[in-house]
Amino acid sequence: AYDPAYAGEMAVIIDRGMREMLVEEKDVFYYVTLMNENYAQPDLPAGAEDGVIRGGYRLAAYGSGAPRVTLAGSGAILTEVVKAAELLAADGIASDVLSITSWSELARDGAYTLQLLAGDGPIIAASDYVRAVPESIRQHVPAGRRYTTLGTDGFGRSDTRAALRQFFGVDAASIARAARESLR
């Protein structure tokens, strides 16, 4: 199951799936969630293709020095994670942003997840799925790193995406607030 945020991620996933099914003749299926929001589609960082398939990769770093947090987001919420990183950088808090293309692949491959989450400082994981989805990798979070999950548990009571994300606490301001609180 994949939840890509960008067209480049989708291209890598489709390419891999077609190779497995048509060239290698494997009996597999890919479940891919796409969204219908308009936003900028940046190029993938060099060498990110393997990470896209394995479940996540380092998209970018914002700010420098300490304090530092890791922000992980998937699908439509990744744009909110990037905005949160920009808000934090403006306040002097550095962050690494991870694009999570598949929480389930990360849950299956603990060694890769440990490698992806290596570092210091707290980790904030945000999804527009229920919190149980990013919680699925908690067992693979490196010891000593605080891990906070944000998700859309319950029923929405909003008429716009922005209001819905604010209601569930997965908008940029809520993600930045969770990061600040995790540093205390």
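Coordinates for the structure precede this section.
This structure is a prediction, so every number in the text was calculated from the model and none was measured.

Calculation rules
Residues numbered from 1 in each chain as written. Predicted model: local features only at pLDDT ≥ 70, side-chain atom pairs only at ≥ 80, totals over all residues. Heavy atoms only, no water. Core = buried A, V, L, I, M, F, W, Y, C linked by side-chain atoms within 4.5 Å. Buried < 20%, exposed > 50% of the residue type's maximum accessible area, 1.4 Å probe, protein only. Helix = DSSP H or I, 4+ residues; strand = E, 2+ residues; numbered from the N terminus. Contact = heavy atoms within 4.5 Å. Pairing = 2+ DSSP bridges. Axes fitted to C-alpha atoms, helices over the stretch in contact; angles between N-to-C directions.

Peer 1: So what exactly am I meant to see when it comes to the nonpolar core here?
Peer 2: It is characteristic of soluble globular proteins that their nonpolar side chains tend to be buried jointly. If you look at the biggest cluster of nonpolar residues, it comprises 32 residues, and the most contacted ones within it are Y6, L71, V81 and I175. Residue contributions to this core peak at 6 residues, all from helix α3 (residues 78-90). Apart from the residues lying within four places of it in its own chain, the contact partners of L71 are V81, A84, A85, L88, S95, D96, V97, L98, I124, I175 and A179. In this structure, W103, L106, L116 and I137 belong to the second largest nonpolar core, which totals 13 residues.

Peer 1: Can you walk me through unusual backbone geometry in this structure?
Peer 2: A negative phi holds for most residues other than glycine; trans holds for most peptide bonds. Residue P67 is bonded to the preceding A66 through a cis peptide linkage, with omega at 0°. Mapped onto the elements of the fold, P67 is located in the loop between β1 (56-62) and β2 (68-73). A positive phi angle, close to 55°, is found at E25, a residue other than glycine. On the secondary structure map, E25 appears in the loop between α1 (7-23) and α2 (49-54).

Peer 1: Looking at this model, I keep getting lost on the sheet that holds strand β4 (residues 123-126). Mind explaining?
Peer 2: The strands that make up a sheet are held in pairs by hydrogen bonds between backbone atoms, and each pair lies either parallel or antiparallel. The 5 strands lie next to each other as β1-β3-β2-β4-β5, forming an open sheet whose pairing is mixed. This sheet does not close on itself; its edge strands, each paired only once, are β1 and β5 (147-150). Averaged over all adjacent pairs, the angle separating strand axes in this sheet is 20°, with direction ignored. By the bridge criterion, 4 bridges tie β2 to β4 in an arrangement that is parallel. Its bridge partner being in β4, L71 is matched across the sheet by I124. Contacts between α3 and the sheet are confined to β1, β2, β3 (94-100) and β4, with β2 contributing the most and set at about 165° to the helix.

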